[in-house]
Amino acid sequence: MSLLNQKTISSEILFDGVGLHSGLNVSMRLLPAGPNHGIKFKRTDVKNNNIVDASIFNVVSTKLCTTIGNNTGVKVSTIEHLMAAFYGLGIDNIMVELDNVEVPIMDGSSKEFVDKIIKVGLKENDIPIKIIKINKRVEVKENGKIAFIDKSVASLNIEFEIKYKNKLIGNQKNKINVYNDDLKDIINSRTFCLYEDIEAIKKIGLAKGGNLDNAVVVKGNDILNSSGLRNSKEFVNHKILDCIGDLFTSGYRIIGKATSLRGGHYLTNQLLRKVFNDNS
């Protein structure tokens, strides 16, 4: 297969799970789509105006996940891990059908999405992929957090740094080349939280479906999950996974170097909006 031609999946794929934040059961079906279709989500539990494009300008919330919505108020939340799977595997066109508001969290990473997609395989067409090349530095800041993107020769490089007061997580940094590196540790890295934050998160109506099967929970100097961590940088690697998924709401393969210092969904979306609002 050519890296420069658009791709979709060879056949439909089914997933059943629970929404991390909604706590609701959800069935999701991935369907092949034709050239230039892009990534679209369809809410089968909604009768009319039920399709939402995975676009940076359709992002309506970035509170602990990325939520997209259309102009009639139909929403789909926690799309970032699935979007990261699509980006990492080179999928440009797909229809995602789901019967509830949230993409199933599965194990908290992109692993199960990637495994099933690899199993059915990809189908290529002869239409070239959509590429955008960053020509100058663009930066956004908020409350001491920074995200910026700059020139790169022929790749998408992501560098991410996190800083937590919790000593087990602490300061972690990692950088990857999305198109050339082995992304296994990124794909397998799960969402995480501090034990002391759980009640506060639930009070605002989120993390209703969270448990030790779909999130890493840190209490003091201990990992509460019996299996421990999957890799030594799982915390920052999950942030990179989120970043890849959020960057794909651009609809393009990006040639550039993205850097995030303590950033997240919000800063990545604001960065993309700034990039696409400046034609230079």
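In what follows, the accompanying structure is described. (Residues numbered from 1 in each chain as written. Predicted model: local features only at pLDDT ≥ 70, side-chain atom pairs only at ≥ 80, totals over all residues. Heavy atoms only, no water.)

So, the overall build of the protein chain
Looking only at helices and strands, the protein chain has six helices and 19 strands in total. Viewed in the frame of its principal axes, the protein chain has a C-alpha envelope of about 55 × 45 × 35 Å. Scored against the burial criterion, the 280 residues of the protein chain give a buried share of 51%. When contacts within the protein chain are restricted to residue pairs at least 6 apart in sequence, those whose partners lie at least 24 apart make up 72%. As presented, the protein chain carries roughly 13200 Å² of accessible surface, and 49% of it is formed by carbon and sulfur atoms. Separation between the mean location of the 38 positive side-chain charges and that of the 31 negative ones in the protein chain comes to 4 Å. (Helix = DSSP H or I, 4+ residues; strand = E, 2+ residues; numbered from the N terminus. Buried < 20%, exposed > 50% of the residue type's maximum accessible area, 1.4 Å probe, protein only. Contact = heavy atoms within 4.5 Å. Areas by Shrake-Rupley, 256 points an atom, 1.4 Å probe, with all protein chains shown as cover. Lys, Arg positive; Asp, Glu negative; His and termini not counted. Charge placed at Lys NZ, Arg CZ, Asp CG, Glu CD.)

A few points about the sheet that holds strand 5 (residues 51–53)
With respect to topology, five strands assemble into an open sheet ordered 2-3-9-4-5, the strand pairing being mixed. The sheet is open, and its two borders are formed by strand 2 (13–18) and strand 5, each paired with just one other strand. Averaged over all adjacent pairs, the angle separating strand axes in this sheet is 20 degrees, with direction ignored. Sheet topology note: the strand 4 (residues 39–43)/strand 5 ladder contains three bridges and is antiparallel. From the neighbouring strand, K42 faces strand 5, where its bridge partner is I51. Sitting on the sheet, helix 2 (residues 111–120) touches strand 2 and strand 3 (25–32), and the angle it makes with strand 2 is about 165 degrees. (Pairing = 2+ DSSP bridges. Axes fitted to C-alpha atoms, helices over the stretch in contact; angles between N-to-C directions.)

A few points about the packing of helix 5 (residues 234–247) against helix 6 (residues 265–276)
Interaxial distance between helix 5 and helix 6 falls to 10 Å at its minimum, and their mutual angle equals 35 degrees. For the pair helix 5 and helix 6, the sense of crossing is right-handed. In this structure, helix 5 uses D242, C243, D246 and L247 to contact helix 6, whose residues at the interface are H265, T268 and L272. Residues that form the contact of helix 5 with helix 6 fall into these classes: three nonpolar, two polar and two charged. (Left-handed = near helix turned anticlockwise from the far one by under 90°. Nonpolar A, V, L, I, M, F, W, Y, C, P; charged D, E, K, R; others polar.)

Considering the side chain of N166
By secondary structure assignment, the location of N166 is in the loop between strand 14 (156–163) and strand 15 (171–177). Its relative accessible area of 12% is what places N166 among the buried residues. In terms of polar contacts, N166 uses its side chain to reach the backbone amide nitrogen of L168, at 2.9 Å. A polar contact is formed between the side chain of N166 and the backbone oxygen of G220, at a distance of 2.9 Å. Sequence-distant contacts of N166, defined by excluding residues within four places in its chain, comprise L194, V218 and G220. (Polar contact = N/O pair within 3.5 Å; in protein donor to acceptor, adjacent residues only side chain to side chain.)

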